[in-house]
Amino acid sequence: MRIIGMSVLALACGWANFAHAGTKVVVKTETYAVTGRNGAEIMKSMNQNGPRQGLQARAMAATRYDVKWNMDWSKSGGSCRLKSADATLYITYRFPRLAGKVSPDLQQRWKKFFAGVRVHEEQHGRIAKDMVNAAQAAVASAANANDPGCARTQAQVRQRVQQVYANYEGRQRQFDAREHHFGGNVEKLVSGLMAQN
């Protein structure tokens, strides 16, 4: 599961060629407690306590991300050009945390399950970083000759960023569809947790 926040564009003026320092990534990890004496009880605990997905449903884990932009603009002779576009990507992972003692067998199954959940959510984070890098590349040539207030160029940049976001949100959905389909990776992780020796 993933949630994206919209970008904030900051405006300043300057006079240099386009440059960006890359994407700065700030990662935060949160946990919520789950309990149970077996896999079924742990799954029930995740269904009751996991991150919300919509109004009523809950997920086992979640990746939220928000992008903050700092953009500088060059104004000269009535023209406007994007000088730099630096982005900070804030990613928050929310994972289940097994609380209380469990059998050694269940502990091993939990470790394998949790490792798979972490890989899944971190892939959402990688797709988000690719999205921001693609957005930076998409806006690099933004310029207009007759735009003294930079309004047209700023609108052009917003449109390009939104197009990239939409494309990468599609990639996020495709990734989830592959992972969550019948017989897919998520079902295998859950089956492994629920298995009884």
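So, how was this worked out
Residues numbered from 1 in each chain as written. Predicted model: local features only at pLDDT ≥ 70, side-chain atom pairs only at ≥ 80, totals over all residues. Heavy atoms only, no water. Phe/Tyr/Trp six-rings, centres within 6.5 Å; stacked < 30°, edge-to-face > 60°. Helix = DSSP H or I, 4+ residues; strand = E, 2+ residues; numbered from the N terminus. Disulfide = S-S within 2.5 Å. Buried < 20%, exposed > 50% of the residue type's maximum accessible area, 1.4 Å probe, protein only.

**A short note on the packing of aromatic side chains**
Enumeration according to the criterion identifies four aromatic pairs in this entry. Judged by centre distance (5.4 Å) and plane angle (70°), the ring pair of phenylalanine 95 and phenylalanine 114 falls under edge-to-face. Of the two residues, phenylalanine 95 is situated in strand β5 (residues 79-98) and phenylalanine 114 in helix α2 (residues 104-139); the sequence distance between them amounts to 19 residues. Between the aromatic rings of tryptophan 110 and phenylalanine 113, the centroid separation amounts to 5.4 Å while the plane-to-plane angle is 40°, which identifies the pairing as tilted.

**Quick word on the state of the cysteines**
The tally for this structure, following the rule as stated, stands at one disulfide. The side chain of cysteine 80 participates in a disulfide bridge whose partner is cysteine 150; the two sulfur atoms lie 2.0 Å from each other. Taking the torsion about the S-S bond as the criterion, the cysteine 80 to cysteine 150 disulfide, at about 105°, is right-handed. Linking cysteine 80 in strand β5 with cysteine 150 in the loop between β6 (143-144) and α3 (151-180), this pair joins segments that are 70 residues apart in sequence. Looking at cysteine 150, the relative accessible area reads 0%, which means it is buried.

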